[in-house]
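These are the residues of each chain, in order.
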Amino acid sequence: MINSLRGMNDILSDDYERFTYFISAATKIAQRYGFHFIETPLLEETALFKRSVGESSDIVGKEMYQFIDKGENDVCLRPEGTAGVVRAFIQKKLDRAGGIHRFFYHGAMFRYERPQKGRLRQFHQFGVESFGVDSVYEDASMIMMVSDILKELGIGYRLQLNSLGCNDCMPNYREELVAFVRKCEGGICEDCVRRVDTNPIRVLDCKNGSCQELYIGAPKLINHLCSDCGNDFNTLKKILEDNNIEYEVNTNLVRGLDYYSKTAFEFVSDNIGSQNAIAGGGRYDRLVEFLDGRATPAVGFAMGIERLMELIVMPEVKKDGYYIGALDDEAIDMIVKIAHNKRKTDVVAIDYKTKNLKNHLKAADKVNAKYCAVIGSNEIASGTIWVKNLKDKTEKTVTLEEF
Ligand code: HAM
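Just so it is clear, the structure is predicted and the values come from calculations on it, not from any experiment.

1. What to know about the pattern of salt bridges
Counted by the stated rule, this structure contains 22 salt bridges. Residue D58 is joined to K62 by a salt bridge in which the shortest nitrogen-to-oxygen separation is 3.8 Å. With D58 and K62 both in helix 3 (residues 58-62) and four residues apart, the pair spans about one turn of that helix. For K62, a relative accessible area of 47% translates into the label partly exposed. Overlapping salt bridges bring together D58, K62, D191 and R194 as one network.

Have a look at this one:
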């Protein structure tokens, strides 16, 4: 028997209901915030992710589904959505057009990670990217949007915030941090030794407990922000407070992708185990220029749909539509015809096997139909059909025309 690959799941039945329920709730809210749908390819040039997500990140360094295609192109399955949207934004010359452009997307992402609960190799994200607004109010708006989506779905969260500074304040901080970490060398893990040379701030979110103990006294970027970044961070906190959105400042929140500057945030849940990040994002004002576009401020986030599906409180399933059954073989052709007509306006389930009335009623209940309609040779002879309303339990025989 051939099974799906490790870390890659089928989505069907109840899971599919949850999946589509999430997409429609998130889409509705993104549209309320003025965002428009964008679809980008699953496969992109590997260089796109190397230059944006960053060669020093785990995603690019260890987790890409990368291969040479039949035309000798170095390509990979997208590990995240931002890079492709930025590529499309530049390719369509929207950076040159100026103005504000806001997009949302959803789809499969691929990371060759070690699979565990909440961590898949093929997973789905819902994300948004906003281009052209440098105001921190847009950052706050992103956070409010995630909060609105989570509230709509009945999902509790903790919001963690940090500022990653800018080109003015980050380099000085980085030097101080490197000097501090070098003093700990000998005690830190191999990954951190590598990070000191490639992307030092990533040591701060090392998952190794003994490294974390050594970093307790590490300098904090939040204390080294330039006045511009510091003011923005304070304004962001004030906007969130004014709008009753609770947050925690986590000075170790650095995110796993290299393109961020200034605002970084993550929404975590305490109810899904160790892989607890349900959404993450931040500002990336340098990325458009870095990918050869005209410098454009940008900010966005993405939510992990599989992790959210564990948490969604689904509304009660409403009885809806029709179930139509045949009491004897003679009626089968008839129910196909009736269903074909009824499906012009309603959801209709039919069963091609004849059953007695009791079993048809059970089957109708199972598919959550509002009406169970059955027909046998007697009804065919009189041109009628028997219908029971499964909500108010009333039943009647009506003519086929009326039905
Ligand atoms: P990210 O934090 O790498 O950010 O991913 C966003 C969300 O995707 C995570 O919070 C998590 O819920 C989900 N996720 C990530 N990896 C996995 C996995 N292996 N299995 C299941 N779920 C996963 C980004 O991808 C950025 N592009 C977000 C962004 C958009 N920043 C600015 N704009």
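2. A few points about the side chain of T384
With respect to the helices and strands, the residue T384 is situated in strand 15 (residues 384-389). In terms of polar contacts, T384 uses its side chain to reach the side chain of S382, at 2.8 Å. When residues no more than four places from it in sequence are discounted, the contact partners of T384 are I375, E379, T397, V398, T399 and L400.

3. Observations concerning the domain arrangement of the chain
Per the domain assignment, the segments of the chain are domain 1 (13-169 + 225-311) and domain 2 (322-399). Computed over C-alpha atoms only, the centres of domain 1 and domain 2 are separated by 48 Å.

4. Thoughts on the site of the ligand
By nearness alone, 25 residues border the ligand, and E80, T82, E113, E129 and Y260 come closest of all. Residue F301 places a main-chain N or O atom 3.3 Å away from a nitrogen atom belonging to the ligand. Here an oxygen atom of the ligand sits 3.3 Å away from a polar atom, N or O, in the main chain of G304. Surface burial for the ligand is 96%, taken as the share of its 660 Å² of free accessible area covered by protein chains. Those elements that provide at least two residues to the shell around the ligand are strand 6 (122-131), strand 10 (277-283) and strand 11 (298-304). Considering each element in turn, the shell around the ligand owes the most residues, five residues, to strand 10. The residue makeup of the shell around the ligand, split by class, is 11 nonpolar, seven polar and seven charged.

5. Some words on a nonpolar patch on the surface
A cluster of nonpolar residues, L42, L43 and F67, forms a patch on the protein surface that exposes about 240 Å² of accessible area. Since its relative accessible area comes to 36%, L43 is described here as partly exposed.

6. Details of the packing of helix 2 (residues 46-54) against helix 4 (residues 82-91)
Interaxial distance between helix 2 and helix 4 falls to 9 Å at its minimum, and their mutual angle equals 110°. It follows from the interaxial angle that helix 2 and helix 4 lie roughly perpendicular. Contact with helix 2, carried on its side by L48, F49 and S52, involves A83, G84 and R87 of helix 4 and no other residues of that element. Along the lines of polarity and charge, the residues of the contact of helix 2 with helix 4 split into three nonpolar, two polar and one charged.

7. Remarks on the sheet that holds strand 3 (residues 65-68)
Spatial strand order, 2-4-3: three strands in an open sheet with antiparallel pairing. Lying at the two open borders of the sheet, with one neighbouring strand each, are strand 2 (43-45) and strand 3. On average, each strand axis in the sheet is tilted by 35° relative to the strand beside it, whichever way the strands run. Sheet strands in contact with helix 2 are strand 2, strand 3 and strand 4 (74-77), and its direction is about 75° off that of strand 2.

8. Here's the deal with helix 7 (residues 170-184)
Along its 15 residues, helix 7 runs 21 Å from first to last C-alpha, staying within 8% of the 21 Å computed at 1.5 Å per residue. Residues M170, Y173, L177, V178, F180, V181 and C184 constitute the buried set of helix 7. The buried residues of helix 7 occupy one face: seen down the axis, they fall within an arc of 165°. Looking at helix 7, the residues exposed on the side facing more than 90 degrees away from the buried face are N172, E175 and K183. In this structure, the buried residues of helix 7 make contact with helix 8 (190-198) and helix 9 (209-214). Downstream of helix 7 by a residue or two, G186 has a phi angle that is positive, lying close to 110°.

9. Some words on the pairing of strand 9 (residues 261-268)
Most of strand 9 sits inside the fold, with eight of its eight residues counted as buried. Pairing between strand 7 (residues 158-163) and strand 9: six bridges, direction antiparallel. Following the sheet pairing, R158 is matched in strand 9 by V268. One ladder, built from six bridges, connects strand 9 with strand 10; its direction is antiparallel. Within the sheet, the bridge partner assigned to F267 lies in strand 10 and is A279.

10. A word on the packing of aromatic side chains
Counted according to the given criterion, the structure contains 14 aromatic pairs. Relative to F126, the ring of F22 has its centre 6.0 Å away and its plane inclined at 90°; by these criteria the two rings are edge-to-face. Remark: F126 occurs in strand 6 and F22 occurs in helix 1 (residues 13-32); sequence separation between them is 104 residues. In this structure, F22 and F126 share a single accessibility class: buried. Among the aromatic residues, those joined into a ring-pair cluster are F89, F103, F131, Y259, Y260 and Y284. Across from the ring centre of Y112, 3.8 Å away, lies the NZ or CZ of R121, which sits over that ring. Above the face of the F403 ring, K342 is positioned so that its terminal group lies 4.8 Å from the ring centre.

The rules we used
- Residues numbered from 1 in each chain as written.
- Predicted model: local features only at pLDDT ≥ 70, side-chain atom pairs only at ≥ 80, totals over all residues.
- Heavy atoms only, no water.
- Salt bridge = Lys/Arg side-chain N within 4 Å of Asp/Glu carboxyl O.
- Helix = DSSP H or I, 4+ residues; strand = E, 2+ residues; numbered from the N terminus.
- Buried < 20%, exposed > 50% of the residue type's maximum accessible area, 1.4 Å probe, protein only.
- Polar contact = N/O pair within 3.5 Å; in protein donor to acceptor, adjacent residues only side chain to side chain.
- Contact = heavy atoms within 4.5 Å.
- Domains from an automatic or database assignment.
- Near = heavy atom within 4 Å.
- Areas by Shrake-Rupley, 256 points an atom, 1.4 Å probe, with all protein chains shown as cover.
- Nonpolar A, V, L, I, M, F, W, Y, C, P; charged D, E, K, R; others polar.
- Patch = residues over 30% accessible without salt bridge, like charges linked within 9 Å, V, L, I, M, F, W, Y side chains within 5 Å.
- Axes fitted to C-alpha atoms, helices over the stretch in contact; angles between N-to-C directions.
- Parallel < 35°, antiparallel > 145°, perpendicular 65-115°, else oblique.
- Pairing = 2+ DSSP bridges.
- Expected span 1.5 Å × (residues − 1).
- Arc of directions from axis to C-beta.
- Phe/Tyr/Trp six-rings, centres within 6.5 Å; stacked < 30°, edge-to-face > 60°.
- Lys NZ or Arg CZ within 6 Å of the ring centre and 35° of its normal.

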